[in-house]
Amino acid sequence: MLQKERLMVFSTESIRNVTVAGHGQTGKTTLVEQLLFAAGVIPKAETVESGKTTSDCTPEEIERKISIYASLVHLPWKNTLVNLWDTPGSSDFIGEVTTAFRASELALLLIDGKAGVQIETIKLWRTLDRRNKSRIVFMNHLDDDLGDFSRCVTDIHNQFEAEVCPVTIPIGKGSKYRGVIDVLHGKAYLSTGAGEEEADIPADYAEDYKRAREVLAGAAAEGDEELLVKFIDEAGLSDEDIVRGLALAIRDNRIVPAFAGCARTGSGLKPLLDFIVA
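Reading guide: rules and limits
Residues numbered from 1 in each chain as written. Predicted model: local features only at pLDDT ≥ 70, side-chain atom pairs only at ≥ 80, totals over all residues. Heavy atoms only, no water. Helix = DSSP H or I, 4+ residues; strand = E, 2+ residues; numbered from the N terminus. Rg over C-alpha atoms; globule rule 2.2 N^0.38 Å. Buried < 20%, exposed > 50% of the residue type's maximum accessible area, 1.4 Å probe, protein only. Contact = heavy atoms within 4.5 Å. Areas by Shrake-Rupley, 256 points an atom, 1.4 Å probe, with all protein chains shown as cover. Lys, Arg positive; Asp, Glu negative; His and termini not counted. Charge placed at Lys NZ, Arg CZ, Asp CG, Glu CD. Axes fitted to C-alpha atoms, helices over the stretch in contact; angles between N-to-C directions. Parallel < 35°, antiparallel > 145°, perpendicular 65-115°, else oblique. Left-handed = near helix turned anticlockwise from the far one by under 90°. Nonpolar A, V, L, I, M, F, W, Y, C, P; charged D, E, K, R; others polar. Core = buried A, V, L, I, M, F, W, Y, C linked by side-chain atoms within 4.5 Å. Pairing = 2+ DSSP bridges. Expected span 1.5 Å × (residues − 1). Arc of directions from axis to C-beta. Polar contact = N/O pair within 3.5 Å; in protein donor to acceptor, adjacent residues only side chain to side chain. Salt bridge = Lys/Arg side-chain N within 4 Å of Asp/Glu carboxyl O. pLDDT = per-residue confidence, 0-100.

A. Quick peek at the overall build of the protein chain. The helix and strand tally for the protein chain stands at nine helices and eleven strands. Here the C-alpha radius of gyration of the protein chain, 18 Å, is about what a compact globule of 278 residues would show, namely 19 Å. Along the three orthogonal principal directions, the C-alpha set of the protein chain runs to about 60 × 45 × 40 Å. Put simply, the protein chain has 278 residues, and 53% of those count as buried. Intrachain contacts of the protein chain at a sequence separation of at least 6 include 65% that bridge at least 24 residues. Roughly 13300 Å² of accessible area belongs to the protein chain as shown, and the carbon and sulfur atoms make up 51% of that amount. Here the protein chain holds 31 positive side-chain charges and 43 negative ones, and the gap between their average locations is 3 Å.

So this is what it looks like as C-alpha cells:
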C-alpha cells in the first residue's frame, strides 16, 4: 500500500494523455519502460527480451516478445501526470492503437532512425489525419551506424508534406552518438549508457544549435500575429513564447515537433518529457 505522503493529486490541467505508436520494432515498449525509469516509477528499466517490461505483461506478449494489447502506464513529471498508452506495432492489432488514439490528445510516433518512414508509419499518420490528432515524432536508434536524424526529418517532410521542427538534435552520429541538444532550453543531455546527464552545449555544435533555435522560433511565431511581430522586432523569442507558439501550432497540426534519441540507453528522454508537460 502506498504511504499517504507519497499520494499525489493532479488537476485536469496537469494531466497529459499520450499514445506511443509506430511501426513494429521501432522501440515503443523500450521507450515507455525507460520513461518510467527516468521518472523514478520503476527501479530498473527492463528489456523486451527479458519479458519483464511494465507494459508487455500478458503471457502471450511475454512469450512472443511483442505488444499485442494497448497498455496504460502512468508517470509523474514536474507536477504533471503523464498517462502513456504503449500500443502494438503490427497491423494485426490496429484496433488497439485506434482505441488508444481516442483516449489521448497527443500521439508520439516512433521512427526508426535507420529505416525512416515505414508502412505502418504511413497508415498511422493517415489515421491521425482523419482524426485531426496532434502528433510529435521521436527518432530512435540514432546510436546505430545507419541512424540518421536529418534523413528521417527529410523523409517525414517528403512523405507527408509536414513541417518538421526539431526540438532536440543529436550530438554525433552512429557509433559517435553522444546525446542530444535541447534546442528549446539551450542545454545538452549527454548519454551515460544508462540514462543521461545535463551539460553545456559542446562548442563544435554551437552553430547547429543556433540554426535549429532560429527554425524553432520561426515555426512558433507563424500563425500568431503577436509572436510574429515580436520575432521580427527582437530577432527571436523567449523559451516561454516558443512553448506558447508551438502549443498553438501543434493544436492546429501546422507543425510536427521532432526529437532525437536512443530509447535503449535512455538518451533524449528528459527533454521529451519536459516538452510533453510544458
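B. Broad picture of the packing of helix α7 (residues 225–234) against helix α8 (residues 239–251). The contact between α7 and α8 brings their axes to 11 Å, and the two run at 140°. Overall, the two elements α7 and α8 adopt an arrangement that is oblique. Judged by the twist between their axes, the crossing of α7 over α8 is left-handed. Across the interface between the two elements, Glu226, Leu227 and Lys230 from α7 touch Asp241, Arg244 and Gly245 from α8. For the contact of α7 with α8, the per-class residue count stands at one nonpolar, one polar and four charged.

C. Layout of the nonpolar core. Ranked by size, the top nonpolar core spans 76 residues in total, and within it Leu31, Leu75, Leu108, Val137, Met139 and Ile156 carry the most contacts. With near-sequence residues (within four places) excluded, Leu75 lies in contact with Leu35, Leu36, Ala39, Val41, Thr80, Leu81, Val82, Leu84 and Leu273.

D. Expanded view of the sheet that holds strand β10 (residues 196–199). The strand order across the open sheet built from four strands is β7-β8-β9-β10, with neighbouring strands paired in antiparallel fashion. Edge positions in the sheet fall to β7 (168–171) and β10, since each of these pairs with one other strand and no more. With direction set aside, neighbouring strand axes in the sheet form an average angle of 25°. Looking at chain direction, β7 and strand β8 (residues 179–182) are connected through four bridges and run antiparallel. Bridging across to β8, Pro170 finds its partner in Val180.

E. Quick peek at helix α5 (residues 149–160). When the terminal C-alpha atoms of α5 are compared, their 17 Å separation across twelve residues agrees well with the 16 Å that a helix rising 1.5 Å per residue should span. For α5, the set of buried residues is Phe149, Cys152, Val153, Ile156 and Phe160. The arc that holds every buried residue of α5, seen down its axis, measures 100°, which confines them to one face. Buried residues along α5 sit in contact with β4 (106–112), α4 (119–131), β5 (134–140), β6 (164–166), β7 and β11 (256–260). Near the N-terminus of α5, the side chain that reaches the backbone nitrogen of Ser150, with its oxygen 3.2 Å away, is that of Asp148.

F. Spatial organisation of the pattern of salt bridges. Considering all chains together, one arrives at 15 salt bridges under this definition. One salt bridge in this structure joins Glu120 and Lys123, with 3.3 Å as the shortest N-O distance. Placement of the pair is Glu120 and Lys123 together in helix α4, with a separation of three residues, close to one helical turn. What makes Glu120 buried here is its relative accessible area of 9%. Residues Arg254 and Asp252 are paired through a salt bridge, measuring 3.9 Å at the closest nitrogen-oxygen approach. Judged by its relative accessible area of 39%, Asp252 is partly exposed.

G. Inspection of the side chain of Ser134 at higher detail. Among the secondary structure elements, Ser134 is positioned in strand β5. A polar contact is formed between the side chain of Ser134 and the backbone oxygen of Ile250, at a distance of 2.9 Å. Excluding its chain neighbours within four sequence positions, the residues that come into contact with Ser134 are Glu105, Leu106, Ala107, Ile250, Arg251 and Asn253.

H. A look at helix α3 (residues 94–102). Taken residue by residue, α3 has Val97, Thr98, Ala100 and Phe101 as its buried positions. The buried residues of α3 occupy an angular sector of 160° when projected down its axis, which confines them to one face. Elements in contact with the buried residues of α3: β1 (15–22), β3 (80–86), β4 and α4.

I. The arrangement of the confidence of the model for the protein chain in detail. Across the protein chain, the average pLDDT comes to 95, with 97% of residues at or above 70. This stretch, residues 1–5, has a pLDDT under 50; its non-local contacts, to residues over four places away or in other chains, come to one contact.

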